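# Secondary and tertiary structure notes
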Amino acid sequence: MGRLDNKVVIITGGASGIGEGMVDLFAQEGATVIAADINEAALAKASQKPNVTGMKLNVASDEDWQALAKEVNDRFGRIDVLVNNAGISSEKPFEEINSEDWQKMLTVNGFGPFAGMKHVAPYMAAQKKGSIVNISSYTALIGQGFNHYTASKGAVRAISKAAATTFGRQGIRVNALFPGIIETPMTEALSTSKELLGHLIQATPLQRLGKPLDIAQAALFLASDESSYITGAELVIDGGFSAQ
Ligand SMILES: NC(=O)c1ccc[n+]([C@@H]2O[C@H](COP(=O)([O-])OP(=O)(O)OC[C@H]3O[C@@H](n4cnc5c(N)ncnc54)[C@H](O)[C@@H]3O)[C@@H](O)[C@H]2O)c1
């Protein structure tokens, strides 16, 4: 028996990195998984996996979200879990960040999860049950990264708590995860510098960087009925980095 048997799950950014790790784990645990992503080539690969359907979605588009939520509900009959994981990052130094950079970052990383909740929650409310997991970042918790990415992840933190109080009475739980540095395509530039990599590992109490499965396992718990009395919670998964 799987921990997500009979559940229909949408995972955004499901074609790469942390999202891909969640797609694989959730499908193994019996879920019907919709991997939603803007990258169609990567989605085609995801769709070949058992119990996984790839669907094109730009999380920054209200219209895309409306259409995706309807299509998933029409095709699969329900939506039990939404993982708002898709995101972009940037290495631009703060002196060079302009309003266009800011707007793009906040639209994808902030409006994306907001619009996901806005369009999926009504289907969950009709079932009087649902679980939403939002992916923020350790940078939203400590004084690290003075830029538009950190701002966008702070937005995810704030709207997750607000959504938990807004939707709780409709049976919908909303929780947030705060990953530290996880080895994915988003962070692969780090591994090109042995010195920087060594420094980051040294600075982490558990003495390693995170892996997509570290985040996927926490998301699995929050998605499943094992966490049925947990909402508005914040779980940091960073090897102890932000505890220092
Ligand atoms: N990797 C880390 O160290 C780390 C740390 C903290 C938080 N996070 C967060 O975890 C999430 C996943 O990151 P990752 O490292 O797996 O990144 P990744 O770059 O490997 O994957 C991100 C996925 O999101 C998709 N995506 C980007 N823009 C999109 C859009 N507009 N619409 C739909 N899909 C879109 C990409 O195509 C890609 O498949 C992100 O929200 C990221 O900010 C990552």
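Coordinates for the structure precede this section.
Overview of the structure.

In the contact formed by helix α3 (residues 62-76) and helix α4 (residues 99-127), the axes pass within 9 Å of each other and the chain directions differ by 35°. For the crossing formed where α3 meets α4, the hand is right-handed. For the pair formed by α3 and α4, the contact residues are Asp62, Trp65, Gln66, Ala69, Lys70 and Asn73 on the first element and Phe111, Gly112, Ala115, Gly116, Lys118, His119, Val120 and Tyr123 on the second. Of the residues that constitute the contact of α3 with α4, the class distribution is 6 nonpolar, 5 polar and 3 charged.

Strand order in the open sheet formed by 7 strands is β3-β2-β1-β4-β5-β6-β7, and the pairing between neighbours is parallel. The open sheet is flanked by β3 (52-56) and β7 (234-237), the only strands paired with a single partner. Geometrically, the sheet is characterised by an average inter-axis angle of 20° between neighbouring strands, direction not taken into account. Where strand β6 (residues 172-179) and β7 come together, 4 bridges link them in parallel fashion. Across the sheet, Leu177 pairs through a bridge with Leu235, a residue of β7. The sheet strands contacting helix α1 (residues 17-28) are β1 (8-12), β2 (32-37), β3, β4 (81-84) and β5 (130-135), and the helix crosses β1 at an angle near 165°. Packing against the sheet, α3 makes contact with β1, β2, β3 and β4, and its axis sits at approximately 150° to β3.

Next up on the list: the site of the ligand. Residues in contact with the ligand amount to 28 residues; listed here are only the nearest, Ser16, Asp37, Asn85, Tyr149 and Thr184. In the model, an oxygen atom of the ligand is placed 2.8 Å from a nitrogen or oxygen of the Ile18 main chain. Within the contact set of the ligand, an oxygen atom lies 2.6 Å away from a side-chain nitrogen or oxygen of Tyr149. When atoms are counted within 2 Å of each cavity's grid points, the one that captures over half of the ligand is the largest pocket. Looking at the shell around the ligand, the elements that each hand over two or more residues are α1 and α5 (148-167). Here the shell around the ligand is composed, by residue class, of 14 nonpolar, 12 polar and 2 charged.

With that out of the way, let us pick up the nonpolar core. Ranked by size, the top nonpolar core spans 30 residues in total, and within it Ile11, Met22, Phe26, Val33, Val83, Leu177 and Ile215 carry the most contacts. Counting residues per element, the ones that place at least two in this core are β1, α1, β2, α2 (40-46), β4, β5 and α7 (212-223). Among the elements that make up this core, the one with the highest residue count is α7 (7 residues). Residue contacts for Val33: discarding those within four places in its chain leaves Val9, Ile11, Val23, Phe26, Ala27, Asn51, Val52 and Thr53. The next biggest cluster of nonpolar side chains, apart from the first, holds 27 residues, and it includes Val8, Ile10, Leu57 and Ile172.

So, how was this worked out
Residues numbered from 1 in each chain as written. Predicted model: local features only at pLDDT ≥ 70, side-chain atom pairs only at ≥ 80, totals over all residues. Heavy atoms only, no water. Axes fitted to C-alpha atoms, helices over the stretch in contact; angles between N-to-C directions. Helix = DSSP H or I, 4+ residues; strand = E, 2+ residues; numbered from the N terminus. Left-handed = near helix turned anticlockwise from the far one by under 90°. Contact = heavy atoms within 4.5 Å. Nonpolar A, V, L, I, M, F, W, Y, C, P; charged D, E, K, R; others polar. Pairing = 2+ DSSP bridges. Near = heavy atom within 4 Å. Polar contact = N/O pair within 3.5 Å; in protein donor to acceptor, adjacent residues only side chain to side chain. 1 Å grid on protein atoms, 1.4 Å probe; cavity = no way out; pocket = protein on both sides within 12 Å on 5 of 7 lines; lining within 4 Å. Sits in = over half its atoms within 2 Å of the grid points. Core = buried A, V, L, I, M, F, W, Y, C linked by side-chain atoms within 4.5 Å. Buried < 20%, exposed > 50% of the residue type's maximum accessible area, 1.4 Å probe, protein only.

Don't take any of this as a statement about function, it's just geometry.
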